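Residues per chain are reported as follows:
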Amino acid sequence: MSLIKAENLSVGYDGMAVGENINFSVNAGDYLCIVGENGSGKSTLMKTLLGLQKPISGCIVIGEGLKQTDIGYLPQQTVVQKDFPASVYEIVMSGCQSRTGLRPFYNKEERALAIENMERMGITELKDRCYRELSGGQQQRVLLARALCATKRILLLDEPVSGLDPKVTAEMYDLIKTLNDEGITIIMISHDIAAAMKYASHILHIGDYYFYGTIGDYMSSKAGRFFSVKNKGEFK
C-alpha cells in the first residue's frame, strides 16, 4: 500500500479550487517533485497533504501506518522567520515537539537525535549560533535537521532552494538526494524542471497541464516537452 495516495483531489481556499482532479501515489523511497506554473496550487496541495487544510473534494489516503506527526516539513520561509532570534540548537530541537507528548521538556534521546541530525547536515559547529545570523544555505540546513527530528520516513519540502545561489542550490539538491538514497521518501515542490528530472523518481505536474508518472514518461509527455523547451528547464 502507498504511503500517501490522492484520489480525485481538488484543493483550494473558501470553496474555490486552485487545483482539481489530482491523482497520484507515493510509495516508500519515492522522490516526487511537484511542478507547475505559479498559482497552480502546488503549495496549497502540500498544505492539504499535511492536514493544514481540508480538500474541497476527493480524498487523501494515508497508508503503511503513517501518521501526520511522522511527516517532516520544510516550508517556504517568510522574512520574519528568517530573522528568528533563537539558537540553531533550539530550532533543531523544536522538531522533536511531536515526540514529547505532554512532557514539558526534551529527554536524552531527543537531545541525542537533534545532535545526530545537526551532524548529518554538517552544522554541528553552528550549534550555539543565532539562526538569523546564518546564510540562507545554512538556515536551510538547520530547517532540514529540524524536519529530520520529526521523522525518519517522509519529508515534504516547499521550494527548499528558493533564493539560494547556484553553488548552495547544487549542494542542497545533493543533500536531499542523499537523504532519499538513505531511505527517506521525498515530496518536493520545485520550479526547476531540469533539477526535478535529474533527481526525482516521479513528477506531478499540475496547472494548465496535468501529468503524474515517472521521469521517463514525463520527458516524452506534452507537458514535459513543452516546458523543458520553452523555459529551458525552469518555470518563470
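The structure this text deals with has already been given above.
Residues numbered from 1 in each chain as written. Predicted model: local features only at pLDDT ≥ 70, side-chain atom pairs only at ≥ 80, totals over all residues. Heavy atoms only, no water.

(A) Representation of helix H6 (residues 136-150). Given a rise of 1.5 Å per residue, 15 residues ought to cover 21 Å, and the 22 Å separating the end C-alpha atoms of H6 matches this to within 8%. Of all 15 residues making up H6, 11 are buried, and the element is well covered by its neighbours. (Helix = DSSP H or I, 4+ residues; strand = E, 2+ residues; numbered from the N terminus. Expected span 1.5 Å × (residues − 1). Buried < 20%, exposed > 50% of the residue type's maximum accessible area, 1.4 Å probe, protein only.)

(B) Region of the structure containing the sheet that holds strand E1 (residues 4-13). A sheet is described by the order of its strands in space; here three strands give the open sequence E2-E1-E4, paired in antiparallel fashion. Edge positions in the sheet fall to strand E2 (16-26) and strand E4 (57-62), since each of these pairs with one other strand and no more. Pairwise comparison of adjacent strand axes, ignoring direction, gives a mean angle of 30° for this sheet. Summarising the sheet, E1 and E4 pair through five bridges and their orientation is antiparallel. If you follow lysine 5 over to E4, its bridge partner there is valine 61. The sheet strands contacting helix H1 (residues 42-49) are E1, E2 and E4, and the helix crosses E1 at an angle near 120°. (Pairing = 2+ DSSP bridges. Axes fitted to C-alpha atoms, helices over the stretch in contact; angles between N-to-C directions. Contact = heavy atoms within 4.5 Å.)

(C) Quick peek at the packing of H6 against helix H7 (residues 166-181). The geometry of H6 relative to H7 is characterised by a closest axis approach of 10 Å and an angle of 15° between their N-to-C directions. By the criterion of interaxial angle, the relationship of H6 to H7 is roughly parallel. Crossing of H6 over H7 shows right-handed handedness. Note on element contacts: H7 touches H6 through Val168, Glu171, Met172, Leu175, Ile176 and Leu179, opposite Gly137, Gln140, Arg141, Leu144 and Leu148. (Parallel < 35°, antiparallel > 145°, perpendicular 65-115°, else oblique. Left-handed = near helix turned anticlockwise from the far one by under 90°.)

(D) Quick peek at the nonpolar core. Grouped together as the largest cluster of nonpolar side chains are 48 residues, with contacts concentrated most on Val92, Ile123, Leu144 and Leu155. By residue number, the principal contributor to this core is H6, which donates seven residues. Aside from chain neighbours lying at most four places away, what touches isoleucine 123 is Val88, Val92, Met118, Arg141, Val142 and Ala145. Ala6, Ile22, Leu45 and Leu156 belong to the second largest nonpolar core, which has 22 residues in total. (Core = buried A, V, L, I, M, F, W, Y, C linked by side-chain atoms within 4.5 Å.)

(E) Representation of the pattern of salt bridges in the model. Across all of its chains, the model carries six salt bridges by this definition. Between lysine 127 and aspartate 128 there is a salt bridge, and its shortest N-O distance comes to 3.6 Å. In this structure, glutamate 133 and arginine 129 form a salt bridge, with 3.8 Å as the shortest nitrogen-oxygen distance. Given the relative accessible area of 54%, glutamate 133 is considered exposed. (Salt bridge = Lys/Arg side-chain N within 4 Å of Asp/Glu carboxyl O.)

(F) Spatial organisation of unusual backbone geometry. With phi around 50°, asparagine 8 is a residue other than glycine that occupies positive phi space. By secondary structure assignment, the location of asparagine 8 is in strand E1.

(G) Quick peek at the side chain of aspartate 158. Take aspartate 158: it is sitting in strand E6 (residues 154-158). There is no salt bridge for the buried aspartate 158, and the closest opposite charge comes from lysine 47, which lies 6.7 Å off by N-O distance. Discounting residues that sit within four places of it in the chain, aspartate 158 has contacts with Ser43, Met46, Tyr73, Leu74, Pro75, Gln76 and Ile189. (Lys, Arg positive; Asp, Glu negative; His and termini not counted.)

(H) Spotlight on the sheet that holds strand E7 (residues 185-189). Spatially, E5-E6-E7-E3-E8-E9 is the arrangement adopted by the six strands of the open sheet, whose pairing is mixed. The two strands at the open ends of the sheet, each matched to only one other strand, are strand E5 (71-74) and strand E9 (211-214). For this sheet, the mean angle separating the axes of adjacent strands, direction not counted, is 15°. Here four bridges tie strand E8 (residues 202-205) to E9, and the two strands are oriented antiparallel to one another. Bridging across to E9, isoleucine 203 finds its partner in glycine 213. Docked against the sheet, H7 engages strand E3 (31-35), E6 and E7, running at close to 150° with respect to E7.

(I) Geometry of the pairing of E1. Pairing of E1 with E2 involves seven bridges; the strand directions are antiparallel. Along E2, the bridge assignment pairs tyrosine 13 with methionine 16. Where E1 folds back on E2, the antiparallel hairpin that results is connected by two residues, among which aspartate 14 adopts a positive phi of roughly 50°.

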